[in-house]
Amino acid sequence: MNIFEFVWQNKDNPKIVPKVLDVFLLSEIYSPLIVRQAYDRWSELPFYVKESIHPEMRKIIKNSPNFSNISLHHKINAYTISHAIKVLTAYSNCSIPLTTSKHIPTFKENILSMRGRWALKRLLHAICHNEITDDMAELAMKTSNKFLMDLKYYITWPGLEQFNSIPDALLFDGINIHGQQKYAFPVIQLSSGCQNNCSHCFADAKPHLSHMPYPIWRCFYDGLEKLYKYCEGEESFKEQGLEKFDRFYHDSDCAQYYDPIMGVDAGDISNFLTSNNRPFFFQTKGITDKISKRAIAKACSNDDIHMSFVDTPKENMPHNIKQFRDTVDLIKSVPGHYGVYVAHLFLKDGPSVADELFQDCLVVKEKIHAGGRANQFSSKLLDKEGANLIFPIVVRPDGQIVLPENRKGKYTQHYLGSFFKENRKEKEKE
């Protein structure tokens, strides 16, 4: 039993609910006891807990004093079933990748398995015939709760756990660095694109964001995790540079991930992984919007936050300083928060800000590599060690498998395949 199953089983426990109310609300697990506690303690709940509650459930909480426990239980079940129907319906005609940008090509895909399609029909039947039962509510949770979801209701790619049948591009890739063979786990990329517009960005990341649907990311992650967890502990792999299966960003910022269908942000993913004793390297430049603020607040209560502070003449330094301070202040406001690690990135002529800015954060100073957007600076100011790098294989939010490379300071992505037929068709046309 994982922690979320334990939380689900104790949603009516008067000894547990008051002690960890935040956990129930962040997990979107409800009962009359939880709803009444939320109503009574609403003013003391952190903003990131309140914002994680769906507007329909907030209405139920607000009006809960008007309902008996029996009526409240019925309303919670009805909400849970209706919400699951909306989630499953959206995923049955899902945009790949998820995006609001007109600059990013998308296609539609039904990512429900046959069992998922059956569940959607069953839940629709339950609503139509007023079968608002505990069994139907539990089925709804298994299909649409971000922590309790059963992946059998979604499409999977067989063979992810088998060496002999896993796609070659998803095996940890041998990378030759200075004549030595190194290994790196693939990056199952949550988002592509970045709103920070950093002057050093190796990938020259564009501001148009796209996201991998959460069930697809979970499918890839769960399919590979057992294999890679085993490899992490093998001395033979450790000696060759293999670290942890914990990086899920590339030309992006972790905090900007969001799946609006299930309402999952990067803080939820941090919660899911760390609660299962699995690592998640949360890398961010800091708060950019409401979603990133909420995600960072959630994540810092689970694990360390790794921040980048970019320090060049092409940066808006007053903005960077404010963004950094606002983010650190946010983290320090969260009870039980973990530490903050900072990569202070600057050109060879040195930084422009004093170490005092970083307060008690742990800071690593790094010179900016030649490549990508950093090429706007004189080559004399760039670290040429990074001018020729091969990155780990990346599975992009649209399912394309690519091998990124920084060769002579120029960033490119080599197409290796795709998990979706639509992408393969588009590539064949090119």
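In the block above lies the structure referred to throughout.
Here we summarise the structure given alongside this text.

Calculation criteria
- Residues numbered from 1 in each chain as written.
- Predicted model: local features only at pLDDT ≥ 70, side-chain atom pairs only at ≥ 80, totals over all residues.
- Heavy atoms only, no water.
- Pairing = 2+ DSSP bridges.
- Helix = DSSP H or I, 4+ residues; strand = E, 2+ residues; numbered from the N terminus.
- Contact = heavy atoms within 4.5 Å.
- Axes fitted to C-alpha atoms, helices over the stretch in contact; angles between N-to-C directions.
- Buried < 20%, exposed > 50% of the residue type's maximum accessible area, 1.4 Å probe, protein only.
- Right-handed = clockwise from strand over helix to strand, strands pointing away.
- Parallel < 35°, antiparallel > 145°, perpendicular 65-115°, else oblique.
- Left-handed = near helix turned anticlockwise from the far one by under 90°.
- Expected span 1.5 Å × (residues − 1).
- Arc of directions from axis to C-beta.

Turning our eyes to something else, we now look at the sheet that holds strand E10 (residues 283-284). If you walk across this open sheet you meet the four strands as E10-E11-E12-E13, and the pairing is parallel. The open sheet is flanked by E10 and strand E13 (362-367), the only strands paired with a single partner. Pairing of strand E11 (residues 305-311) with strand E12 (residues 340-346) involves seven bridges; the strand directions are parallel. The partner of Met307 across the bridge, within E12, is Val342. Each of E11 and E12 touches helix H13 (residues 317-333); the most contacted strand, E11, lies at about 165° to it.

Another point: the pairing of E12. Each regular strand displays side chains that alternate between the two surfaces of the sheet. Burial analysis of E12 places six of its seven residues in the buried class, which makes it a mostly covered element. Following the chain from E11 across H13 to the adjacent parallel E12, one finds a crossover that is right-handed. The sheet contact formed by E12 and E13 spans six bridges and is parallel. Opposite His344, over in E13, you have Lys365 as the bridge partner.

It is worth spelling out the packing of helix H12 (residues 290-299) against H13 at this point. Running from amino to carboxyl end, H12 crosses H13 at an angle of 45°, the nearest separation of the two axes being 9 Å. It follows that H12 is oblique to H13 by the angle criterion. For the pair H12 and H13, the crossing hand works out as right-handed. Along its contact with H12, which presents Lys293, Ile296 and Ala297, the element H13 presents Thr327, Leu330 and Ile331.

Taking 1.5 Å per residue as the helical rise, H13 with its 17 residues ought to reach 24 Å, and the 24 Å between its terminal C-alpha atoms agrees with that figure. All of the buried residues along H13 are Met317, Asn320, Gln323, Phe324, Thr327, Val328, Leu330 and Ile331. When H13 is viewed along its axis, its buried side chains cluster within an angular range of 160° and face the same direction. Relative to its buried face, H13 has exposed residues pointing more than 90 degrees away, namely Pro318 and Lys322. On its buried face, H13 is in contact with helix H4 (47-51), H12, E11 and E12.

Any link to function would need more than the numbers given here.
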